[in-house]
Amino acid sequence: MIHPTAIIDANAKLADDVKVGAFSIIGPDVEIGAGCEIASHVVIEGPTKIGKNNRIFQFASIGAEPQDKKFKGEATTLEIGDNNLIRESVTINRGTTQGGGITKVGSNNWIMAYVHIAHDCIIGNDNIFANNASLAGHVLVDDHVILGGFTLVSQFNEIGAHAFSAMGSVISRNVPPYVLVSGHMAEPVGINIEGLKRRGFTEVQIRNIRQAYKLVYRSGLRLEEARRKLETIVQEANELVCFMEFLDTQKGGIIR
């Protein structure tokens, strides 16, 4: 299961059925769970823990030191969940002590070629990052997010669940759940209707989300005023709870 040209450190822990391709290097303090497939020419550095049934394609760099000038060699970590597809030349860096010491990628994510996930990013589940999307440090991405190709997200921002960015978007503020953004700099252009339909949202739920979007983005109200009006809708629309919570917790402000 391990190619004879691969280099596996004696302190790495690999499940018995892990496949490792030619010329890949797996360093100390790396754990790789059952069912994983590591292609050729992959470098995995530790401390890194990778769950089950992940596929990592050639030339990926996983668990390298953070690209942060404050980093002084601390034993920070990277954790990756289960069933992720990590394509060619993806780079995922470990965390920094200033950011909690961990970079984390959840499960069932589709991470396409040349994506960069920087230090201290926390990525949820069931996301799609298209080719060359790049996340700066300390970015939070919730679940079911789609980032179009060449999307750039600046540091300390959060992308809410079910959000969508068009190709080439440059995101410098927090993006609430369900919102579709586009442009340089990115601006809100609607809600992710097609994505919501694919995930089983009903017409009523989508109508409520659209109403919330219009209050925040099209009514001309100040954000505080729009939020107060939203409170009456949320009482009968559970799908808007995460939207309201996002508005309440974003100190850096939302894209608007």
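Everything discussed here concerns the structure shown above.
In this report, we go over the structure that sits alongside the text.

Quick notes on the rules
All chains use their own residue numbering, which begins from 1 and follows the written sequence. Totals for whole chains, interfaces and linings use all residues, but because this is a predicted model, local features are given only for residues with pLDDT of at least 70 and pairs of side-chain atoms are given and counted only at 80 or more. Each side-chain value is worked out from all heavy atoms of the structure, with water and hydrogens disregarded. Here a salt bridge means any side-chain nitrogen of Lys or Arg lying within 4 Å of a carboxyl oxygen belonging to Asp or Glu. Helix and strand definitions follow DSSP, with helices as H or I runs of at least four residues and strands as E runs of at least two, each counted in order from the N terminus. For the exposure calls, accessible area comes from a 1.4 Å probe over protein chains only, and a residue counts as buried if that area is under 20% of its type's maximum, exposed if over 50%, partly exposed in between. To define a nonpolar core, start from buried Ala, Val, Leu, Ile, Met, Phe, Trp, Tyr and Cys residues and group those joined through side-chain atoms within 4.5 Å. Contact criterion: two residues are considered in contact whenever any of their non-hydrogen atoms come within 4.5 Å of each other. Aromatic rings from Phe, Tyr and Trp, taking only the six-membered ring of Trp, are treated as a pair when their centres fall within 6.5 Å; an angle between ring planes under 30 degrees marks them as stacked, one over 60 as edge-to-face, and anything in between as tilted. Put simply, a charge is over a ring when the Lys NZ or the Arg CZ is close to the ring centre, within 6 Å, and near the line of the ring normal, within 35 degrees. A pair of strands is treated as paired once DSSP finds two or more bridges between them. Think of a polar contact as two N or O atoms within 3.5 Å of one another; within protein, one of them needs to be a possible hydrogen donor and the other a possible acceptor, and neighboring residues in sequence only count if both atoms come from side chains. To estimate how far a helix should extend, the number of its residues minus one is multiplied by 1.5 Å. Note that the arc is computed from the directions linking the helix axis to the C-beta atoms.

### Describing the pattern of salt bridges
Turning to step 1, where the next piece is worked out: All told, the structure shown has six salt bridges when counted by the stated rule.
Turning to step 2, where the next piece is worked out: Two residues, Arg227 and Glu231, come together in a salt bridge whose shortest N-O distance is 2.3 Å. One end of the pair is Arg227 and the other is Glu231, both in helix α3 (residues 223–234) and four residues apart, which spans about a single turn.
Turning to step 3, where the next piece is worked out: Judged by relative accessible area, which is 23%, Arg227 ranks as partly exposed.
Turning to step 4, where the next piece is worked out: Here Arg227 and Asp248 are joined by a salt bridge, their closest N and O atoms 2.4 Å apart. You can see Arg227 sitting in helix α3 and its partner Asp248 sitting in helix α4 (residues 241–249), a full 21 residues away along the chain.
Turning to step 5, where the next piece is worked out: The network of salt bridges with common partners includes Arg227, Glu231 and Asp248.

### Regarding the nonpolar core
Turning to step 1, where the next piece is worked out: Residues Ile44, Ile62, Ile117, Phe129 and Leu135 are the most contacted members of the largest nonpolar core, which totals 64 residues.
Turning to step 2, where the next piece is worked out: Elements supplying a minimum of two residues to this core: β5 (30–32), β11 (77–80), β26 (179–183), β27 (186–191), α2 (203–217), α3 and α4.
Turning to step 3, where the next piece is worked out: No other element matches α2, which puts seven residues into this core.
Turning to step 4, where the next piece is worked out: The residues touching Ile117, leaving out its near neighbours within four places in the chain, are Thr91, Ile92, Asn93, Thr103, Val105, Ile111, Ile123, Phe129 and Leu135.

### Points about the packing of aromatic side chains
Turning to step 1, where the next piece is worked out: Tallied over the entire structure, the rule returns two aromatic pairs.
Turning to step 2, where the next piece is worked out: An angle of 80 degrees between the planes, with centres 5.9 Å apart, marks the rings of Tyr178 and Phe201 as edge-to-face. Remark: Phe201 occurs in the loop between α1 (193–198) and α2 and Tyr178 occurs in the loop between β25 (170–171) and β26; sequence separation between them is 23 residues. Phe201 matches Tyr178 in its accessibility class, with the two residues each being buried.
Turning to step 3, where the next piece is worked out: Stacked on the ring of Phe57, the Lys or Arg Arg87 has its end atom at 3.9 Å from the ring centre.

### What to know about the sheet that holds strand β17 (residues 122–123)
Turning to step 1, where the next piece is worked out: The parallel open sheet is built from eight strands, whose spatial order is β2-β5-β8-β11-β14-β17-β20-β23. Every interior strand has two partners, whereas the edge strands, β2 (13–14) and β23 (158–159), have only one.
Turning to step 2, where the next piece is worked out: Here two bridges tie β2 to β5, and the two strands are oriented parallel to one another. Across the sheet, the residue bridging to Lys13 is Glu31, located in β5.

### Description of the environment of Thr151
Turning to step 1, where the next piece is worked out: In this structure, Thr151 sits in the loop between β21 (146–147) and β22 (152–153).
Turning to step 2, where the next piece is worked out: Here the alpha-carbon distance between Thr151 and Met185, two residues 34 residues apart in the chain, equals 11 Å.
Turning to step 3, where the next piece is worked out: Look past the residues within four positions of Thr151 in its chain and what remains in contact with it is Asn132, Ala133, Ser134, Ser165, Ala166, Gly168, Ser169 and Ile171.
Turning to step 4, where the next piece is worked out: A polar contact is formed between the side chain of Thr151 and the backbone oxygen of Ala166, at a distance of 3.4 Å.

### Some details on α2
Turning to step 1, where the next piece is worked out: End to end, α2 covers 21 Å across 15 residues, agreeing with the expected 21 Å (1.5 Å per residue, within 8%).
Turning to step 2, where the next piece is worked out: Considered for burial, the residues of α2 that qualify are Ile206, Asn208, Ile209, Ala212, Tyr213, Leu215, Val216 and Tyr217.
Turning to step 3, where the next piece is worked out: Packed against the buried residues of α2 are β26, β27, α1, α3 and α4.

### Some words on α3
Turning to step 1, where the next piece is worked out: The terminal C-alpha atoms of α3 lie 16 Å apart, and with 12 residues this matches the ideal 16 Å at 1.5 Å per residue to within 8%.
Turning to step 2, where the next piece is worked out: Regarding α3, the residues found buried are Ala226, Leu230, Ile233 and Val234. Viewed end-on, α3 has its buried residues packed into an arc of 85 degrees, placing them on one side of the element. Residues Arg228 and Thr232 are exposed on α3 and point more than 90 degrees away from its buried face.

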